[in-house]
Amino acid sequence: MSSDCIFCKILQGEIPSTEVYSDETFYAFRDINPGAPTHILVIPREHIPAITDAGEEHAELLGQMLLRANAIAREEGLPENGFRYVLNCGEWGGQTVFHIHLHILGGRPLGWPPG
Ligand code: DGP
């Protein structure tokens with residue numbers, strides 16, 4: 001846990017969020033500023049600031065995060081038409097919260113490349 005991390009505060013229940021999924025390893029919730037009709041963030045409970053901070057010891061965690069996201073995407077009915085995973089990294093990558101989070105975006109056609 002990091003005391004100045006917004007997502008750690010969400011995990012602790014100090015900041016309210018709309019839960020989509022929760023277990024001992026992951027939490028998923030609706031993005032406060034949705035960029036698509038469905039916009040969910042999947043986060044590990046472990047505080048890892050950015051994907052580039054992950055090491056070999058996180059390989060299983062990161063694999064499980066993608067599989068969890070797949071399950072959530074299926075629950076949300078996204079695979080039929082297609083959807084997108086986004087993992088922003090660092091300032092130029094658009095990362096604003098420094099606790100790894102996987103965006104699940106869907107529910108409309110998505111443009112490419114992103115801005
Ligand atoms: P990124 O730009 O990749 O770091 O994405 C951070 C996302 O987190 C952004 O889409 C907005 C979302 N967000 C930031 N603060 C909160 C919050 O307090 N609650 C929720 N639900 N989402 C938040």
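The structure under discussion appears in the preceding block.
Residues numbered from 1 in each chain as written. Predicted model: local features only at pLDDT ≥ 70, side-chain atom pairs only at ≥ 80, totals over all residues. Heavy atoms only, no water.

Draft legend 1. Quick peek at the packing of aromatic side chains. Within the structure shown, the criterion is met by 3 aromatic pairs. Where Phe7 meets Phe29, the ring centres are 5.3 Å apart and the plane angle is 80°; that geometry is what we call edge-to-face. Taken as a pair, Phe7 in helix α1 (residues 6-12) and Phe29 in strand β2 (residues 26-30) lie far apart in primary sequence, 22 residues in all. Note on accessibility: Phe7 and Phe29 belong to one class, buried. For the ring pair Phe83 and Tyr85, a centre distance of 5.1 Å and an interplane angle of 80° mean the geometry is edge-to-face. With relative accessibility at 29%, the residue Phe83 sits in the partly exposed group. Assessed through its relative accessible area of 26%, Tyr85 is described here as partly exposed. Of the aromatic side chains, those joined through ring pairs into one cluster are Phe7, Tyr27 and Phe29. (Phe/Tyr/Trp six-rings, centres within 6.5 Å; stacked < 30°, edge-to-face > 60°. Helix = DSSP H or I, 4+ residues; strand = E, 2+ residues; numbered from the N terminus. Buried < 20%, exposed > 50% of the residue type's maximum accessible area, 1.4 Å probe, protein only.)

Draft legend 2. The arrangement of the site of the ligand in detail. The environment of the ligand is formed by 15 residues, the closest being Asp31, Asn88, Gly94, Thr96 and His103. Within the contact set of the ligand, an oxygen atom lies 2.8 Å away from a side-chain nitrogen or oxygen of His101. Taking 500 Å² as the accessible area of the ligand by itself, protein coverage stands at 84%. Mapped by element, the contributors of at least two residues to the shell around the ligand are α1 and β2. For the shell around the ligand, the leading source of residues is α1, giving 3 residues. Of the residues in the shell around the ligand, the class split is 7 nonpolar, 6 polar and 2 charged. (Near = heavy atom within 4 Å. Polar contact = N/O pair within 3.5 Å; in protein donor to acceptor, adjacent residues only side chain to side chain. Areas by Shrake-Rupley, 256 points an atom, 1.4 Å probe, with all protein chains shown as cover. Nonpolar A, V, L, I, M, F, W, Y, C, P; charged D, E, K, R; others polar.)

Take it as geometry only, folks, not as evidence of what the structure does.
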